[in-house]
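# Chains, contacts and geometry: an overview
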Amino acid sequence: MKNLTHHHRRQWLKQAQGLGLLAFGFLANPLVAFAKNEDAEEAIKKIVGGAAIREGKVTLTIPPLVENGNLVVLKVSVDSPMTANDYVKTIHVIAEGNPLPNIFTVYLTPRSGTANITTRVRLADSQKVWAIAQMSNGSFWQGSAETLVTLSACTEMV
């Protein structure tokens, strides 16, 4: 019986070692840490459900070349009168190369006055960034921009 228990323990240790190597492989591969285009598309689907997304009304401004991804200036403006009957409800910013593709969401009301947002974001890599605006009538509009990041952010230093 002692020999059988020893055999099961050894088998279990081999399996645990294999899982450890697999986990290390994911940690050692930096590409696994970044979202992919499919992750960004999935984040967008969660936002809009099955609704159609139209091009236009949304302008996303981001520098085409960024030396350092730690503080990238990002501006989003949506063409809207911001009245009680016609306003922007939310603006979502999605980046396909960040560990979490949904960078931020801004909630607006007619009292916001304008649908203009300026902020700084961290970008992990050269990538495409989308701004998706949901209007008060339920429609979705988008704008996008691509940027080349020479020194990435959003990575862990080992």
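The present account deals with the structure reproduced in this document. As the structure is a computational prediction, the values presented were derived from the model and not from experiment. (Residues numbered from 1 in each chain as written. Predicted model: local features only at pLDDT ≥ 70, side-chain atom pairs only at ≥ 80, totals over all residues. Heavy atoms only, no water.)

## Observations concerning the nonpolar core
Our working rule: The criterion is simple. A nonpolar core is a set of buried Ala, Val, Leu, Ile, Met, Phe, Trp, Tyr and Cys residues joined through side-chain atoms within 4.5 Å. Note on exposure labels: buried denotes an accessible area under 20% of the residue type's maximum, exposed denotes more than 50%, and partly exposed covers the range between, all computed with a 1.4 Å probe on protein chains only. Put simply, DSSP marks the helices as runs of H or I at least four residues long and the strands as runs of E at least two long, and each gets a number from the N terminus on. When checking whether two residues touch, look at their non-hydrogen atoms; a contact exists if any pair is within 4.5 Å.
Leu74, Val76, Val78, Val88 and Ile91 are the most contacted members of the largest nonpolar core, which has 28 residues in total. Elements supplying a minimum of two residues to this core: β2 (58-61), β4 (72-78), β5 (88-95), β6 (102-107), β7 (116-121), β8 (127-135) and β9 (140-149). The contact partners of Val78, leaving out residues within four places of it in the chain, are Lys57, Val58, Val88, Ile91, Ala115, Asn116, Ala133 and Met135. Grouped together as the second largest cluster of nonpolar side chains are 9 residues, Ile47, Ile94, Trp130 and Ile132 included.

## Structural notes on the environment of Asn68
Formally: Under the rule applied, a polar contact is a pair of N or O atoms within 3.5 Å (in protein, one hydrogen donor and one hydrogen acceptor; residues adjacent in sequence only if both atoms are side-chain atoms).
For Asn68, the position within the fold is in the loop between β3 (65-66) and β4. Along the chain, Asn68 and Leu148 lie 80 residues apart, while their C-alpha atoms are 9.8 Å from each other. Separated by 2.9 Å, the side chain of Asn68 and the backbone nitrogen of Asn70 make a polar contact.

## Section: a negative patch on the surface
Put simply, the rule is: For patches, a residue must show more than 30% relative accessible area and have no salt bridge; joins then use 9 Å for like charges and 5 Å for nonpolar side chains, namely Val, Leu, Ile, Met, Phe, Trp and Tyr. Areas reported as accessible are Shrake-Rupley estimates using a 1.4 Å probe. Residue values count occlusion only from the protein chains shown. Salt bridge criterion: a side-chain nitrogen from Lys or Arg within 4 Å of a carboxyl oxygen from Asp or Glu. Positive charges are assigned to Lys and Arg, negative charges to Asp and Glu, while His and the chain termini are left out of the count. For charged residues, the charge sits on one atom: NZ in Lys, CZ in Arg, CG in Asp, CD in Glu.
On the surface, Glu38, Asp39, Glu41 and Glu42 cluster together to form a negatively charged patch. Among the secondary structure elements, Glu41 is positioned in helix α3 (residues 37-48).

## Things to note about unusual backbone geometry
A positive phi is found at Lys57, a non-glycine position, where the angle reads about 60 degrees. Structurally, the position occupied by Lys57 is in the loop between β1 (53-55) and β2. Even without being glycine, Met82 reaches a positive phi, approximately 55 degrees. Relative to the elements of secondary structure, Met82 occurs in the loop between β4 and β5. Residue classification places Met82 among the buried positions, given a relative accessible area of 6%.

The quantities given are spatial measurements derived from coordinates; they are silent on function.
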